[in-house]
Amino acid sequence: MPIMIAPTGMQKMAHPDGEYATTRAASAAGTIMTLSSWATSSVAEVASTGPGIRFFQLYVLKDRNVVAQLVRRAERAGFKAIVLTVDTPRLGRREADIKNRFALPPYLTLKNFEGLDLGKFDKTNDPGLTTYAAGQADQSLSWKDVKWLQTITTLPILVKGVLTAEDTRLAIQVGAAGIIVSNHGARQLDYVPATIMALEEVVKAAQGKVPVFLDGGVRRGTDVFKALALGASGVFIGRPVVFSLAAEGEAGVKKVLQMLRDEFELTMALSGCRSLKEITRNHIMTEWDRPWIAPRL
């Protein structure tokens, strides 16, 4: 189904089984799980849960040697693609995290960074891998880094965090295998467009050269239908997975995936669509299609 799981970090904060539960639920639903590089389970641990198609989300860090080690681990664990997050060269001001004094509990760790050669990382003076990883984001991130990644892996690279036609064309120029329209859960920059508002611009700019996916804002099967009608090849869901994981663990994630599938299938049926190919732009209407209606401010 065109409903896949987006990368969300630190899932063991939501449930003791964390990413284990999520990946088992994804496999049971026959869909794709994207593992965050900031996960509380490693790529090898996730792979050990059994068969399934999995992607690995990656940040470009200052220490390229660490990036290369992460990529090699994902390859060895059988992951099928790299999801490169490009909208976080700096962390946004996440006031909820500040207010809540967000921190990873001491009994959890960022498993993907364990056992790596972290260069000058001094474990005796640093409070943990979380601080290390947060301080490692490379603010010089550029399109050249996509090219560099292609020199160290043959896995397809999906660029996550694109919202404009200009960046879409640049991503394709540097060899991205796909584009994920994402605003990082609207946590990076206030007043950024909703991804559904940016989707059609990106799809038109891609001109069918690479698949375009929508990340964020999907809460109902009707949302999936709208995204596909606007040209998306599929959607990624984040918060619904974490919420259901916190509520009922693996069973909760299975339930939310089944709910979305059922709602989406029903929307297709009631819209006269027998297959995904029959979902077209003609099935939805936006405010831009109705110029006589004043836009909401």
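Before reading further, recall that the structure is shown in the block above.
First, a word on scope: everything that follows refers to the structure included in this document. Keep in mind that what you see is a predicted model, and the values were worked out from it rather than measured.

Examining the nonpolar core
Line of reasoning, step 1. The biggest cluster of nonpolar side chains holds 70 residues, and the ones touching the most others in it are Phe56 and Leu58.
Line of reasoning, step 2. Examining the composition of this core, we find that eight residues originate from one element, helix α10 (residues 239-270), more than from any other.
Line of reasoning, step 3. Among all residues touching Phe56, those that are not within four sequence positions of it are Leu35, Ser36, Ser37, Val43, Leu70, Ala74, Phe79, Ala81, Ile82, Val83 and Asn112.
Line of reasoning, step 4. The next biggest cluster of nonpolar side chains, apart from the first, holds ten residues, and it includes Ala6, Phe55, Phe213 and Phe236.

Some words on the side chain of Glu250
Line of reasoning, step 1. Counting through the fold element by element, Glu250 comes out in helix α10.
Line of reasoning, step 2. At 2.8 Å, the side chain of Glu250 forms a polar contact with the side chain of Arg24.
Line of reasoning, step 3. Every residue in contact with Glu250, bar those within four places of it in the chain, is listed here: Ala21, Arg24 and Ala25.

Considerations on unusual backbone geometry
The general pattern is negative phi for most residues beyond glycine and trans for most peptide bonds.
Line of reasoning, step 1. Non-glycine residue Met10 carries a positive phi angle of around 55°.
Line of reasoning, step 2. As for its placement among the helices and strands, Met10 is situated in the loop between β1 (3-5) and α1 (18-29).
Line of reasoning, step 3. Residues other than glycine seldom take positive phi values, yet Arg101 does so here, at roughly 50°.

Re the packing of helix α9 (residues 221-229) against α10
Line of reasoning, step 1. Packing of α9 against α10 brings their axes to within 7 Å, and their N-to-C directions diverge by 55°. As summarised for this structure, α9 and α10 are arranged oblique, according to the angle between their axes. For the crossing formed where α9 meets α10, the hand is right-handed. Only Leu260, Glu263, Phe264, Thr267 and Met268 of α10 make contact with α9, whose side of the interface consists of Gly221, Thr222, Val224, Phe225 and Leu228.
Line of reasoning, step 2. A per-class count over the contact of α9 with α10 returns six nonpolar, three polar and one charged.

Things to note about the pairing of strand β3 (residues 54-58)
Line of reasoning, step 1. Taking burial as the measure, the five residues of β3 include five buried ones, the bulk of the element.
Line of reasoning, step 2. Burial of β3 is two-sided: the residues Arg54, Phe56 and Leu58 facing one way and the residues Phe55 and Gln57 facing the other way are all buried.
Line of reasoning, step 3. Summarising the sheet, strand β2 (residues 33-35) and β3 pair through three bridges and their orientation is parallel. By the bridge assignment for β3, Leu35 is matched with Phe56.
Line of reasoning, step 4. Sheet topology places β3 next to strand β4 (residues 81-85); four bridges connect them, and they run parallel. Paired with Phe56 across the strands is Ile82, a residue of β4.
Line of reasoning, step 5. Chirality of the crossover, the property in question, places the unit of β3, helix α3 (residues 64-76) and β4 among those that are right-handed.

How each quantity is defined
Residues numbered from 1 in each chain as written. Predicted model: local features only at pLDDT ≥ 70, side-chain atom pairs only at ≥ 80, totals over all residues. Heavy atoms only, no water. Core = buried A, V, L, I, M, F, W, Y, C linked by side-chain atoms within 4.5 Å. Buried < 20%, exposed > 50% of the residue type's maximum accessible area, 1.4 Å probe, protein only. Helix = DSSP H or I, 4+ residues; strand = E, 2+ residues; numbered from the N terminus. Contact = heavy atoms within 4.5 Å. Polar contact = N/O pair within 3.5 Å; in protein donor to acceptor, adjacent residues only side chain to side chain. Axes fitted to C-alpha atoms, helices over the stretch in contact; angles between N-to-C directions. Parallel < 35°, antiparallel > 145°, perpendicular 65-115°, else oblique. Left-handed = near helix turned anticlockwise from the far one by under 90°. Nonpolar A, V, L, I, M, F, W, Y, C, P; charged D, E, K, R; others polar. Pairing = 2+ DSSP bridges. Right-handed = clockwise from strand over helix to strand, strands pointing away.

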